[in-house]
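Read off the chains here:
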Amino acid sequence: MAGKVSTIGVLTSGGDAPGMNAAIRAVVRSAIVHGKKVKGIKKGYSGLMAGEIVDMNAKSVSDIIQRGGTILQTARCEEMYTAEGVEQAAKSCKENDIDALVVIGGDGSFRGMKEISSYGINTVGIPGTIDLDISCTEYTIGFDTAVNTAMEAIDKVRDTSTSHERCSIIEVMGRHAGYIALWCGLANGAEDILLPEKYDYDEQKLVDHIIENRKRGKKHHIIINAEGIGRSIGMAQRIEAATGLETRATILGHMQRGGNPTCKDRVYATTMGCYAVDIICQGKTNRVVAYKDGDFTDFDIEEALGQKKEISEYQYRISKELSI
């Protein structure tokens, strides 16, 4: 049973994402409006265990809504996969009078949050990941900024690729999820898109496609490769050897995590932050905030983690149809 809340803690966990600061700002100021104290936890669960916790007020989150990254910093914490780590995190919450915890992060962060809740801490998760891979929600904080950052970079690579009549392999982020690659492939008009969920590692198909397109008169060839497939440099070397076409690999890397968040990431992150505080004040716990079917809602943590997200078959099909 959720207990009465007087102090809300907020942390960011896992990979950083543009818009996290907007969510932090919303949590802090909304909590204050509701008469709650707020504590910021630095460096995710690692900081929680180490007691790196500070009092926050409205001024603490001034002038951050437009900034990328997270003012609370973040980290990945292997200790949260152990019973001892979870116990230490919960103990730290109680020692710092934190009776509700808002976790901004991905599935792994939410699993840790779920374990902490068993110690009587009210918990709410806000989906923050550029990978868009949280199953219960159609939006995650940072995806919109990351995909726009990648799209703009790919446009620039395409310009030089066309000038030199090259094949360009551009590697975008996404270890297990191909949403950035798929969206960039559609937005940038790529000839091939390699997704962790779909790629069969048959490079001969890529070679054949490049040769066919050259026969049709195409002056360049763009391949968007997801990080989960990777090895773009070696792939470029093999494709150049097989086709005779100069082939370059560009790895966009962590630039996709940085930069000022887009309007969508600011507005949606702000809304989710306020929503998280609202449901805590309603006495809910073990919930994940989500955007589903055009509106903001929340799911039980078990239901949220139990869902499975699939790449859009329709979007994947049309990406191939439009690459002629």
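Residues numbered from 1 in each chain as written. Predicted model: local features only at pLDDT ≥ 70, side-chain atom pairs only at ≥ 80, totals over all residues. Heavy atoms only, no water.

The term disulfide refers to a covalent linkage connecting the sulfur atoms of a pair of cysteines. One pass over the full model with this rule turns up zero disulfides. Counting only cysteine sulfurs, Cys 274 is the nearest neighbor of Cys 136, a cysteine outside any disulfide, at a range of 19 Å. A relative accessible area of 0% places Cys 136 in the buried class. Lacking any disulfide linkage, Cys 263 is separated from the closest cysteine sulfur, that of Cys 274, by 15 Å. Take Cys 263: its relative accessible area is 59%, and that puts it in the exposed class. (Disulfide = S-S within 2.5 Å. Buried < 20%, exposed > 50% of the residue type's maximum accessible area, 1.4 Å probe, protein only.)

Right, let's get into the environment of Tyr 139. You can see Tyr 139 is positioned in the loop between β5 (122–127) and α5 (143–164). Residue classification places Tyr 139 among the buried positions, given a relative accessible area of 3%. A polar contact is formed between the side chain of Tyr 139 and the side chain of Asp 265, at a distance of 2.6 Å. (Helix = DSSP H or I, 4+ residues; strand = E, 2+ residues; numbered from the N terminus. Polar contact = N/O pair within 3.5 Å; in protein donor to acceptor, adjacent residues only side chain to side chain.)

A few words now on the sheet that holds strand β10 (residues 287–292). Read from one edge of the open sheet, seven strands run β3-β2-β1-β4-β5-β10-β11, paired in mixed fashion. Where the open sheet ends on each side, the last strands, each with one partner, are β3 (53–56) and β11 (295–300). Strand-to-strand, the axes of this sheet are offset by a mean angle of 25 degrees, without reference to chain direction. Two strands pair when backbone bridges link them, and β10 and β11 are joined in this way by six bridges, in the antiparallel orientation. (Pairing = 2+ DSSP bridges. Axes fitted to C-alpha atoms, helices over the stretch in contact; angles between N-to-C directions.)

Turning our eyes to something else, we now look at the packing of aromatic side chains. According to the stated counting rule, one finds six aromatic pairs in the structure shown. Through a chain of ring-to-ring contacts, three or more aromatic side chains come together here, namely Tyr 139, Tyr 268, Tyr 291 and Phe 296. Here the basic side chain of Lys 309 rests over the ring of Tyr 179, its NZ or CZ set 5.3 Å away from the ring centre. (Phe/Tyr/Trp six-rings, centres within 6.5 Å; stacked < 30°, edge-to-face > 60°. Lys NZ or Arg CZ within 6 Å of the ring centre and 35° of its normal.)

This brings us to the pattern of salt bridges. Per the stated rule, a full pass over the model turns up 15 salt bridges. Two residues, Glu 203 and Arg 238, come together in a salt bridge whose shortest N-O distance is 2.6 Å. Here Glu 203 is found in helix α7 (residues 203–215), whereas its partner Arg 238 is found in helix α8 (residues 232–243), with 35 residues between them in sequence. Here Arg 287 makes a salt bridge to Asp 298, at a shortest N to O gap of 2.8 Å. With Arg 287 in strand β10 and Asp 298 in strand β11, this pair connects stretches of sequence that are 11 residues apart. Because the salt bridges share partners, they merge into one network encompassing Lys 114, Glu 115 and Glu 302. (Salt bridge = Lys/Arg side-chain N within 4 Å of Asp/Glu carboxyl O.)

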